[in-house]
Structures are given as C-alpha cells and as structure tokens.
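# A look at the structure
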Amino acid sequence: MLERVESRMRQFVAELEDEEIARLFEKLPHGKRLRAKLVLKIAGESDEAVGLAAIIEMIHAASLLHDDVIDDATVRRGVASLNATEGSKQAVMMGDILYSKGFEKLVGFDRRIASKIASAVTQLSIGEMADVRLSQQFHTDLDAYLQMIYQKTAALIEATAATAAILAGKEAHIYAVYGRNLGIAFQIVDDILDISQSSEQLGKPAMHDFEEGKTTLPYIYLYEMLDTKDRERLKSLHAKTLDEEQKAWIRTAMEESGALQKAYFYAKELGDEAVTLMQEAGEASLADIVTAMIERNF
Ligand code: FPP
Ligand code: MG
C-alpha cells in the first residue's frame, strides 16, 4: 500500500521538471514511512489520503535533510547522508524544495488539515532549535527534554493522525492523543536504542547522542542514580568523542543503575495508553503499530 505513496511523491517531484532534483530525490533512503502508514491506516487509501501521506513524508524527509546538516551527520538510514555525498548546500536546498513542494500541495486540502500540518512544522522547527540549545551544556531538565521531543518529533505525528482522522470523518481528538503518545514514545525509544544497540543495527553511529551533547532521558535518569564521583565522570564525558572504554562504562552504568529500563517504562506507559485508546476505538492495526514501535530494535 505504501507503493502508491512512493509514486505520488515521485509524481510531485517530477512536476518540478528538473533532472538534478529528481536524481537527488532518488538517492534518499525511504525509512520506515511511519507517518504514511498512519495516514493510510486511519483514512484508507483514497486519492486524498495518498496525497496527504506523500506530503507529510516529503516534509519529514526535508526536516531530516536539514537535521543532518545541523547535526553534521554522515550516515542516515544505513547509507551515507546527502550532505555527506553531495555537500551541505545541496542538502539544504533539496530540503527547501521538498518542504515547499509539500506545502504547495497542502494548501489544496481542507483548511483545518492544512493549518494543523503547518503549525506542526513550526513546532518541529522550534523543537530542533531547542534540541541544539539544550545540547550546548549538560543538563538534567526533564521537562525541557519532554517539551523538546514533543515539538521535534511528536507534533508532526500528532498532526498526521489528527488530519488523517479529519479526512476520514473520524473523531480527530482521540487520534491526536494517540499520535502524540506514539510520537513521544517513538523518540524515547530512539534515544534508548542509541545506547543499547550497535551502529550496524541502527544504520547510524551508536552512542552518538551524548557525543553530540544530547542529554536524553536515559542520561537524565542515570545522573539522578549515580554517586557524586560518577556524576562528575559522566559530566566530564559530555559532548566529547568517546573511546571504547568510555562507551562501555556508560553502557554498563545505564544497565546496572536501571536508567535504561526506567526510560523504557516511561515510553511503554505512553505506548500502553495509545494502545488502549485504539482498542476502544476498534482500531486494532493502529494499536499494533505502537507495540511494534516500542519493541523495535533499530
Ligand atoms: C531528528 O532528530 C530531527 C527531527 C525529527 C526534526 C528536524 C527538524 C528540523 C531540522 C526543522 C526544519 C524543518 C523543515 C520541514 C525544513 P535527531 O537528530 O534526534 O534524530 P536522528 O538521530 O535521526 O538524526
Ligand atoms: Mg540528527
């Protein structure tokens, strides 16, 4: 069913009538297409639903192109990132093109749909800025972290579910709560996997968040659980390139202290709420998406 979304995106790009853009677009890896799956599962496979899914995936792809430039990333979804192979200028411009083409198509939708997606993209951009700001120093501010991941990741997933519900004439609020919980849990699981999985498994460098200065939920919990000496050791490693011994120390501390497990429970509880909501709404396959997302290992 995702094939129709892929070809709609290709069609939007073809409308630009530019070979270079089409070539760069084909180089982008597809990823999990979580947002497109949500639209189709909530709204069915009507022409409009496929269009909305394609628009949201194009905006998401644009945000990742910009994020890789901001994060100086070299790998995305298991392959070299566009900024690494084509340079940052190309990656930024390609992001701009996908983003604005998506918006051009979005204005053709019901005003409520266009407005929800547009505000979510504003949130996502503010969230990215907050992420960069928070990364400048070691912090243990749980509320700031949760607000940032809501904006950076969950806002667009929330808007995806809500707008698909509007398209299908379903109760938008329930789907918005579902999307919000799914999005926050998704980012927390992402932050856990950065610590618990290998680079091969992730398709991007492992243990990289802390090197980039990101004090994610497991690090916030770990700091709370360590004694004064180990807290200082953890802080001294913040935003530094870590050697194997330092990585091993963090991994062991994360597991032995239960910090990783505590972060997992936080995500699991949000996920369980989303599962219950969807079971009550008779949406078994949307409940399954949450379970698979929580249990994933990449
Ligand atoms: C990935 O986070 C980044 C995001 C989910 C949002 C990025 C948003 C922007 C760059 C704002 C610009 C938006 C548009 C539409 C042009 P991450 O770095 O934690 O995850 P990663 O490990 O997958 O890179
Ligand atoms: Mg990034």
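Bear in mind that the values here come from a model prediction, so they are computed numbers and not experimental data.

### A short note on the environment of Met58
Mapping Met58 onto the fold places it in helix α4 (residues 47-70). For the pair Met58 and Ser100, spaced 42 residues apart in sequence, the C-alpha to C-alpha distance is 9.3 Å. Residues contacting Met58, with those up to four places away along its chain left out, are Met9, Phe12, Leu98, Lys101 and Gly102.

### Comments concerning the site of ligand 1
Within the structure, ligand 1 sits among 16 residues, and Asp67, Asp71, Arg76, Lys152 and Lys204 are positioned closest to it. One of the side-chain nitrogen or oxygen atoms of Lys152 is found 2.5 Å away from an oxygen atom of ligand 1. Surface burial for ligand 1 is 89%, taken as the share of its 640 Å² of free accessible area covered by protein chains. Those elements that provide at least two residues to the shell around ligand 1 are α4 and α7 (111-134). Here the residues of the shell around ligand 1 sort into five nonpolar, four polar and seven charged.

### Brief notes about the coordination of the magnesium ion (ligand 2)
Coordination of the magnesium ion (ligand 2) by the protein comes from Asp67 (OD) and Asp71 (OD), over a distance range of 2.0 to 2.1 Å. As far as the burial class goes, Asp67 and Asp71 line up, both buried.

### Description of the packing of aromatic side chains
Here the structure, examined in full by the defined rule, presents four aromatic pairs. For the pair Phe138 and Phe210, a centre-to-centre distance of 6.2 Å together with 85 degrees between the ring planes defines the contact as edge-to-face. Pair noted here: Phe138 is in the loop between α7 and α8 (142-168) and Phe210 is in helix α11 (residues 208-211), with a separation of 72 residues, a long-range link. Each member of the pair, Phe138 as well as Phe210, carries the same accessibility label: buried.

### Description of unusual backbone geometry
Even without being a glycine, Arg33 presents a positive backbone phi close to 55 degrees. Inspection of the secondary structure puts Arg33 in the loop between α2 (19-27) and α3 (34-43). The exposure class assigned to Arg33 is buried, which follows from its relative accessible area of 7%. Of note in the backbone geometry, Arg77 takes a positive phi value of approximately 50 degrees without being a glycine. Relative to the assigned elements, Arg77 resides in the loop between β1 (75-76) and β2 (79-80).

### Observations regarding the side chain of Asp71
Inspection of the secondary structure puts Asp71 in the loop between α4 and β1. At a separation of 3.4 Å, a polar atom in the side chain of Asp71 contacts the side chain of Lys214. Setting aside residues up to four positions removed in sequence, Asp71 forms contacts with Glu212 and Lys214.

### Considering the pattern of salt bridges
Inspection of the entire model under this criterion finds 23 salt bridges. Where Glu245 meets Arg233, a salt bridge forms, and the shortest distance between an N and an O atom there is 3.4 Å. Here Glu245 is found in helix α14 (residues 244-257), whereas its partner Arg233 is found in helix α13 (residues 228-237), with 12 residues between them in sequence. Residue Glu245 is classed as exposed on the basis of its relative accessible area of 54%.

### As for the layout of surface pockets
Each pocket or cavity is described by its volume, and for the second largest pocket that value is around 280 Å³. Lining the second largest pocket are 21 residues, with Lys27, Leu28, Pro29, Leu65 and Arg77 positioned closest to its centre. At four residues, α4 tops the list of elements feeding residues into the lining of the second largest pocket. Partitioned by chemical class, the residues of the lining of the second largest pocket number 10 nonpolar, three polar and eight charged.

Cut-off values and rules
Residues numbered from 1 in each chain as written. Chains lettered and ligands numbered in written order. Predicted model: local features only at pLDDT ≥ 70, side-chain atom pairs only at ≥ 80, totals over all residues. Heavy atoms only, no water. Helix = DSSP H or I, 4+ residues; strand = E, 2+ residues; numbered from the N terminus. Contact = heavy atoms within 4.5 Å. Near = heavy atom within 4 Å. Polar contact = N/O pair within 3.5 Å; in protein donor to acceptor, adjacent residues only side chain to side chain. Areas by Shrake-Rupley, 256 points an atom, 1.4 Å probe, with all protein chains shown as cover. Nonpolar A, V, L, I, M, F, W, Y, C, P; charged D, E, K, R; others polar. Donors = N, O, S within 2.8 Å, 3.2 Å for Na, K, Ca; no water. Buried < 20%, exposed > 50% of the residue type's maximum accessible area, 1.4 Å probe, protein only. Phe/Tyr/Trp six-rings, centres within 6.5 Å; stacked < 30°, edge-to-face > 60°. Salt bridge = Lys/Arg side-chain N within 4 Å of Asp/Glu carboxyl O. 1 Å grid on protein atoms, 1.4 Å probe; cavity = no way out; pocket = protein on both sides within 12 Å on 5 of 7 lines; lining within 4 Å. Points joined across faces, edges and corners; volume = space filled by probe spheres on them.

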